[in-house]
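# Structural features, examined
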Amino acid sequence: MLKRIIPCLDVKNGRVVKGINFINLVDAGDPSEQAKFYSENGADEICFLDITASNENRNTILDVVKKTSEQCFVPLTVGGGVRNLKDISNLLSSGADKVSINTAAVNNKNIVKESAENFGSQCTVIAIDAKKISENKWEVFTHGGRNSTGKDVLNYAKEVEELGAGEILLTSMDRDGTKKGYDLKLTELISNSVNIPVIASGGVGNLEHLYDGLKKGKASAALAASIFHFGEFSIQDAKKYLDSKGIPVRI
Amino acid sequence: MEKIIIINTGSSNILSLKRAVEKFNHNVTVTEDSKTILSGDKIFFPGVGAFKKVMETIEKKKLIETLGQVKEKKIPLFGICLGLQLFFDESEEFGPSKGLGLIGGNVKKLPTDPKEKSKIPNMGWFKLNINKQFTSKNFSKFVNSLNEKDLYYFVHSYFVNPSEKTNIVATYNFAGYEIPAIVSKDTLIGCQFHPEKSGKKGLELISNFLKLAI
């Protein structure tokens, strides 16, 4: 089974944060330009994460998603600020193929079940922000790692699977932004414990980190932001590297 | 220019499909109106989500009969993902649910193989294995354009199991099983993967369907 490589666009107030000016991109901060670029250059999926702090501009976000998905002919996952079924349905009808739910799922597990029943498991992605609290133990955090929930990541992952989640986007808060690589123990633990795909996230600084997440972490997909955005590596660089190391990927 | 219809099944991926079709033909109408559907030259039948729920929506919109008429009138009908599954007699998703019965067979849960550690829903890119036994005068051009090297994006937990294996155009390998990926009967064709989300190759497939003269 081919492993997936997923570039992640962090979008704030409708603009890609830390976007790089690829050749041929008129406006690197425009998420639709970035999505089109990645869609045409080998990304297996694209993740669009809205990190706008305020919740007042949901409609603006929908317009941005609509525009971003317009030239995106690979699957697009959209997350950030999803609170209820209406938010999910609005995102899906704006061109998202999957919706990633984070805090809302922690606060109200019914949203996972209802999303799966109404829109299908295949578009219900549960984002888990995990923070290490002791050796082999991780806790679910929300609000970008600020709020602790007291929930154990392993139990929570199994719980959302049971409720109908189709995929888990697993981010290590300890590694996110550090460029030190994924938390491989965490990734492996969750990948081995659930029967739905796990996307490794948080900490990629080089191509070997992608390999480790897929090989040692046993993830189904590897997500990364800055290594692609800053032009250090292209998606094809990543795939050629993984292929040379024996990881099956779409080239 | 041919009139292209996308049947509004109330599911969510219609926008993506419309945009993909519009790359090749701008005369695209998304509708649930029976008369408009039957006036189309080619029809897409998309669907994502749960079989039972979408079947209920179709019933509510009084489209069951319309789809039967589409088949009778021999208007080329392209089912995508759940759209393909709905062509069949019944699905075991959420208990047995009746489908449209346009192609004989049923819809079953993907097999699991503990050794393979296969994950369900199965999500990702797969190559097709073309069934050399399949013959169709309607779709021969479409089928001949398929290449076993190309990859398409699948996301599903259930698969179609036609009672006539000669209806299978192509399969793909999942956990050691050959799972039907494209199925066709008469003027109906459907694929389990999402051509509208399979990059350039997926768009080519849509274009090849649009080019068919049936």
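Structure first, text after, so check above.
In this report, we go over the structure that sits alongside the text.

## Concerning the sheet that holds strand β14 (residues 188-191) of chain B
Residues and elements named next belong to chain B. Read from one edge of the open sheet, eight strands run β2-β1-β3-β4-β14-β13-β12-β9, paired in mixed fashion. Every interior strand has two partners, whereas the edge strands, β2 (28-31) and β9 (129-130), have only one. Where strand β1 (residues 4-7) lies against β2, four bridges are found, and the strand directions are parallel. By the bridge assignment, I4 is partnered in β2 with V28. Sheet contacts for helix α7 (residues 199-211): β1, β3 (42-45), β4 (77-80) and β14; angle to β3, the most-contacted strand, approximately 145°.

## Some details on the pattern of salt bridges
All names here are of chain A. Tallied over the full model, the rule gives 23 salt bridges over all chains. Linking R250 and D44 is a salt bridge whose minimum nitrogen-to-oxygen distance equals 2.9 Å. Within this pair, whereas R250 is found in the segment after α10 (235-244), its partner D44 is found in the loop between α1 (31-40) and β3 (46-50), the two being separated by 206 residues in sequence. D44 carries the same exposure label as R250, and that label is buried.

## Some thoughts on helix α8 (residues 207-215) of chain A
Residue and element names in this part refer to chain A. Most of α8 is tucked away: seven of the nine residues are buried. Those residues of α8 that fall on the buried side of the exposure criterion are L207, H209, L210, Y211, D212, G213 and L214. With a side-chain oxygen lying 3.0 Å from the backbone nitrogen of E208, the N-terminal cap of α8 falls on N206.

## A word on the interface of chain B and chain A
Opposite the 27 residues of chain B that make contact, chain A presents 36 residues. By the criterion of area lost to chain A, the three top residues of chain B are K119, M123 and W125 of chain B, representing 26% of everything that side buries. The interface formed by chain B and chain A holds one salt bridge in total. D97 of chain A is the partner of K197 of chain B in a salt bridge, and the nearest nitrogen-oxygen pair spans 2.9 Å. At the junction of chain B and chain A, the tally comes to 14 residue pairs in polar contact (both at pLDDT 80 or more). If you list the elements that add at least two residues to the side of chain B that touches chain A, you get α1 (14-22), β8 (122-127), β10 (151-156) and α7 of chain B. By residue number, the principal contributor to the side of chain B that touches chain A is β8 of chain B, which donates five residues. The residue makeup of the side of chain B that touches chain A, split by class, is 13 nonpolar, seven polar and seven charged.

## Quick word on the sheet that holds strand β11 (residues 158-162) of chain B
Residue and element names in this part refer to chain B. Strands sit in the order β6-β5-β7-β11 across an open sheet of four strands; the sheet is mixed. Each of the sheet's edge strands pairs with one partner strand only, and the pair in question is β6 (97-98) and β11. Direction of pairing for strand β5 (residues 90-91) relative to strand β7 (residues 105-109): parallel, over a ladder of two bridges. Bridge pairing links S91 to V107 in β7.

## Regarding empty space enclosed by the protein
The full count for this structure, using the stated rule, is two cavities of 30 Å³ or more. Here the largest cavity defines a volume of roughly 160 Å³. Lining the largest cavity we find 15 residues, and of these D97 and Q122 of chain A together with V48, V155 and H194 of chain B sit closest to its centre. The residue makeup of the lining of the largest cavity, split by class, is seven nonpolar, four polar and four charged. Lining of the second largest cavity is provided by I6, E45, I46, C47, T77, V125, E167, L169, I199 and L223 of chain A.

Thresholds, definitions, all that
- Residues numbered from 1 in each chain as written.
- Chains lettered and ligands numbered in written order.
- Predicted model: local features only at pLDDT ≥ 70, side-chain atom pairs only at ≥ 80, totals over all residues.
- Heavy atoms only, no water.
- Pairing = 2+ DSSP bridges.
- Helix = DSSP H or I, 4+ residues; strand = E, 2+ residues; numbered from the N terminus.
- Contact = heavy atoms within 4.5 Å.
- Axes fitted to C-alpha atoms, helices over the stretch in contact; angles between N-to-C directions.
- Salt bridge = Lys/Arg side-chain N within 4 Å of Asp/Glu carboxyl O.
- Buried < 20%, exposed > 50% of the residue type's maximum accessible area, 1.4 Å probe, protein only.
- Polar contact = N/O pair within 3.5 Å; in protein donor to acceptor, adjacent residues only side chain to side chain.
- Buried area = accessible area lost by both parts, 1.4 Å probe.
- Nonpolar A, V, L, I, M, F, W, Y, C, P; charged D, E, K, R; others polar.
- 1 Å grid on protein atoms, 1.4 Å probe; cavity = no way out; pocket = protein on both sides within 12 Å on 5 of 7 lines; lining within 4 Å.
- Points joined across faces, edges and corners; volume = space filled by probe spheres on them.

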